Amino acid sequence: MGVLANHTKGKNAPDKIFRISGMAKERAAIVGKENITNATTGAFLDGDGHLITLKTVEATMKEIPFADAAEYATIEGSPAFIEAAIDAAFREYRPDAYIDGIATPGGTGGIHHAVLNYLEDGDTVITMDRYWAAYKSICRETNRNFDTFVMFDENNKFNVQGCVEKLREYAAKQTNVFLVLNTPANNPTGYNVRQEEWEIIMAELTSIANNGKNNVVLLLDIAYIDFAAPESRAFFQLFNQLPENFLVLVAFSMSKSYTMYGYRLGCLLCVSSNKQEVEDFVAINKFSSRATWSNCSRLGMLVMEKINQEPERKAAFRAEQETLRLSLLKRAEVFIKEADEIGLKVCPFDSGFFVTVPTEHAEEVAAELRKSDLFIVPLGDGANAGLRVALCAIPEEKITGIAKKIKEALDIVSK
Ligand SMILES: Cc1ncc(COP(=O)(O)O)c(C=O)c1O
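Residues numbered from 1 in each chain as written. Predicted model: local features only at pLDDT ≥ 70, side-chain atom pairs only at ≥ 80, totals over all residues. Heavy atoms only, no water.

Asks: Residues and numbers for the overall build of the protein chain, please.
Replies: The helix and strand inventory of the protein chain stands at 15 helices and eleven strands. Relative to its length of 415 residues, the protein chain is compact, with a C-alpha radius of gyration of 21 Å against a globular reference of 22 Å. Its C-alpha atoms give the protein chain principal-axis dimensions of roughly 60 × 55 × 55 Å. When each of the 415 residues of the protein chain is scored for burial, the buried share is 56%. Sequence separation of 24 or more characterises 75% of the internal contacts of the protein chain that already satisfy a separation of 6 or more. For the protein chain, the accessible surface area stands at approximately 18,100 Å², while carbon and sulfur atoms represent 53% of it. (Helix = DSSP H or I, 4+ residues; strand = E, 2+ residues; numbered from the N terminus. Rg over C-alpha atoms; globule rule 2.2 N^0.38 Å. Buried < 20%, exposed > 50% of the residue type's maximum accessible area, 1.4 Å probe, protein only. Contact = heavy atoms within 4.5 Å. Areas by Shrake-Rupley, 256 points an atom, 1.4 Å probe, with all protein chains shown as cover.)

Asks: Can you explain helix 2 (residues 55-62)? Please cite residues and give values.
Replies: By the burial criterion, the buried members of helix 2 are Thr56, Val57, Thr60 and Met61. An end-on view of helix 2 places all buried positions within 130 degrees of arc, on one side of the element. Packing partners of the buried residues in helix 2 comprise helix 11 (298-309) and helix 12 (311-342). (Arc of directions from axis to C-beta.)

Asks: Outline the site of the ligand, supporting the account with residue identities and numerical values.
Replies: Taken together, 13 residues sit near the ligand, with Gly107, Thr108, Asp221, Ser253 and Ser255 positioned nearest. Separating an oxygen atom of the ligand from a backbone N or O atom of Gly107 is a distance of 2.6 Å. Between the ligand and the protein, one listed contact pairs an oxygen atom with a side-chain N or O atom of Arg264 at 2.8 Å. When the free accessible area of the ligand is taken as 390 Å², the share hidden by the protein chains comes to 91%. Where the shell around the ligand is concerned, the elements lending two or more residues are helix 5 (106-117) and helix 9 (254-257). (Near = heavy atom within 4 Å. Polar contact = N/O pair within 3.5 Å; in protein donor to acceptor, adjacent residues only side chain to side chain.)

Asks: Describe the side chain of Asp129, and please don't skip the residues or the numbers.
Replies: Structurally, Asp129 can be placed in the loop between strand 3 (124-128) and helix 6 (134-141). Arg130 provides the closest opposite charge to the buried, unpaired Asp129, separated from it by 4.7 Å. (Lys, Arg positive; Asp, Glu negative; His and termini not counted. Salt bridge = Lys/Arg side-chain N within 4 Å of Asp/Glu carboxyl O.)

Asks: Please provide a residue-by-residue account of unusual backbone geometry, values included.
Replies: Along the chain, Thr183 connects to Pro184 via a cis peptide bond; the corresponding omega equals 0 degrees. Take Pro184: it is sitting in the loop between strand 5 (176-182) and helix 8 (195-209). In this chain, Asn187 is followed by Pro188 through a cis amide linkage whose omega measures 20 degrees. Turning to its location among the elements, Pro188 is positioned in the loop between strand 5 and helix 8. Not every positive phi belongs to a glycine, and Ser294 is a case in point at roughly 65 degrees. With respect to the helices and strands, the residue Ser294 is situated in the loop between helix 10 (275-290) and helix 11. For Ser294, a relative accessible area of 18% translates into the label buried.

Asks: Can you tell me about the sheet that holds strand 3, naming the residues and giving the values?
Replies: Read across the open sheet, the seven strands follow the order 2-8-7-6-5-3-4; overall the sheet is mixed. Two strands bound the open sheet, and with one partner strand each, they are strand 2 (98-104) and strand 4 (145-149). For this sheet, the mean angle separating the axes of adjacent strands, direction not counted, is 20 degrees. One ladder, built from six bridges, connects strand 7 (residues 246-253) with strand 8 (residues 266-272); its direction is antiparallel. Counterpart to Phe252 in the pairing with strand 8 is Cys267. Packed onto the sheet, helix 4 (residues 79-90) meets strand 2, strand 7 and strand 8 and runs at close to 75 degrees relative to strand 8. (Pairing = 2+ DSSP bridges. Axes fitted to C-alpha atoms, helices over the stretch in contact; angles between N-to-C directions.)

Asks: So what about the packing of helix 5 against helix 6? Which residues, and what values?
Replies: The N-to-C vectors of helix 5 and helix 6 enclose an angle of 45 degrees; their axes lie 10 Å apart at closest approach. Relative to helix 6, the element helix 5 lies oblique. Crossing angle aside, the handedness with which helix 5 passes helix 6 is right-handed. Taken together, the residues of helix 6 that come into contact with helix 5 (itself represented by Thr108, Ile111, His112 and Val115) are Tyr135, Ile138 and Cys139. Of the residues assigned to the contact of helix 5 with helix 6, the class counts are five nonpolar, two polar and no charged. (Parallel < 35°, antiparallel > 145°, perpendicular 65-115°, else oblique. Left-handed = near helix turned anticlockwise from the far one by under 90°. Nonpolar A, V, L, I, M, F, W, Y, C, P; charged D, E, K, R; others polar.)

Asks: Please set out the nonpolar core residue by residue, giving values where relevant.
Replies: In this structure, Phe158, Leu179, Leu218, Leu220, Phe239, Phe252 and Tyr258 are the most contacted members of the largest nonpolar core, which totals 85 residues. With eight residues, helix 4 is the single largest residue contributor to this core. Among the domains, domain 1 (6-55 + 315-413) and domain 2 (72-312) are the pair contributing at least three residues each to this core. In terms of nonpolar packing, the next biggest core, distinct from the first, is built from 27 residues, Ala39, Val346, Leu374 and Ile399 among them. (Core = buried A, V, L, I, M, F, W, Y, C linked by side-chain atoms within 4.5 Å. Domains from an automatic or database assignment.)

Asks: Any chance you could break down the packing of aromatic side chains for me, citing the residues and the numbers?
Replies: Enumeration according to the criterion identifies 19 aromatic pairs in this entry. Here the aromatic rings of Phe149 and Phe158 are separated by 6.1 Å at their centres, their planes lie at 85 degrees, and the arrangement is edge-to-face. Overall, Phe158 belongs to the buried group, its relative accessible area being 5%. Joined through ring pairs, the aromatic side chains of Phe44, Tyr224, Phe227, Phe353 and Phe354 make up one cluster. Seen from the ring of Tyr170, Lys173 lies directly overhead, with NZ or CZ sitting 4.6 Å from the centre. Between the NZ or CZ atom of Arg388 and the centre of the ring of Phe354, over which it lies, the distance is 3.8 Å. (Phe/Tyr/Trp six-rings, centres within 6.5 Å; stacked < 30°, edge-to-face > 60°. Lys NZ or Arg CZ within 6 Å of the ring centre and 35° of its normal.)

Right under this line is the structure:
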């Protein structure tokens with residue numbers, strides 16, 4: 001009999017991504033890393049497998065005196081940091097609403113607080129069936145349930161109707177209807193929800209908010225937003241003047257956008273037409289932060305503040321971000337073109353770190369691919385299974401031929 005408390009039972013889901021990337025590293029140690037393709041890692045790497053970093057961010061960080069950075073930050077984050085995060089998230093599409101934020105360790109911390117503070121025990125979080133696995137862990141950890149709608153229909157189109165039906169189902173079951181959307185540049189598919197799809201979702205959420213029974217919480221996970229075209233932020237304008245009981249929360253992250261993955265900083269933003277709701281948001285999330293991680297990286301905050309406050313530095317930073325985005329997009333274009341040419345089905349891709357090849361045989365195909373030293377993470381099971389190809393982790397020259405290898409492995413496995 002172990003010492004662990006009962007509620008910890010079953011909280012041991014092994015992380016597939018780390019398992020397969022572990023296999024890739026073991027193999028690289030034997031045959032040399034140049035002889036394998038490791039398409040597992042969720043970080044933007046150069047041709048030598050090193051992390052690509054933004055030089056403007058590095059230079060800014062080096063200008064900050066250690067004693068300044070080493071001090072405690074305030075729990076909620078400095079006002080200049082919150083303003084920088086609002087600007088970084090929305091740019092020129094800032095909604096016409098009351099907006100405030102709270103510092104969090106990465107986007108993860110923001111998602112945790114949102115799920116904790118806007119649902120009752122046993123309530124359900126809704127998202128699409130191709131999702132980042134940590135959502136489910138956060139729900140398990142906070143005693144919430146987790147349900148999904150099918151992301152793409154039989155025509156490989158975003159299943160907006162499935163989303164609407166799921167929202168209606170939970171509107172009948174719980175007071176706060178809580179939808180998580182990871183868009184644009186979705187992980188694991190690279191999909192950006194389209195403006196016309198957004199309009200349908202917003203119409204449904206607004207009608208639920210106005211039905212006299214429910215509240216609505218829409219949590220947007222924008223971890224990869226700076227790898228989508230800047231104008232893909234247009235949907236933020238749909239959050240102008242929402243009903244007072246319709247809250248939009250936005251989990252902003254410095255990890256990918258500032259290449260500061262390990263520094264652990266993000267900001268959970270709250271958008272509402274009700275000033276009191278935003279004040280309550282700050283107060284309760286400050287309490288939760290105090291009770292978990294306390295305060296966040298002051299160095300990260302100072303970096304964001306400085307970049308935001310100095311126009312020349314900001315312009316150089318944004319230009320560098322754009323270069324990164326375009327170079328990642330080039331990798332995707334190689335893959336998608338080859339997939340199209342050989343008839344390999346891929347989930348609709350717009351931008352981001354990953355593409356997904358849908359297949360019910362994901363585990364077997366991934367195992368088959370490992371025989372030729374190509375390491376790809378199989379995700380999901382049954383109808384939502386697929387191979388998540390981390391284009392962010394492999395250089396353009398190694399991407400050529402991957403689609404063909406996947407197609408061949410699929411053919412072998414489905415024989
Ligand atoms: C979809 C998605 N959301 C959020 C995150 C949060 O990352 P972080 O906590 O580093 O900001 C990640 C990181 O991999 C992610 O893939």
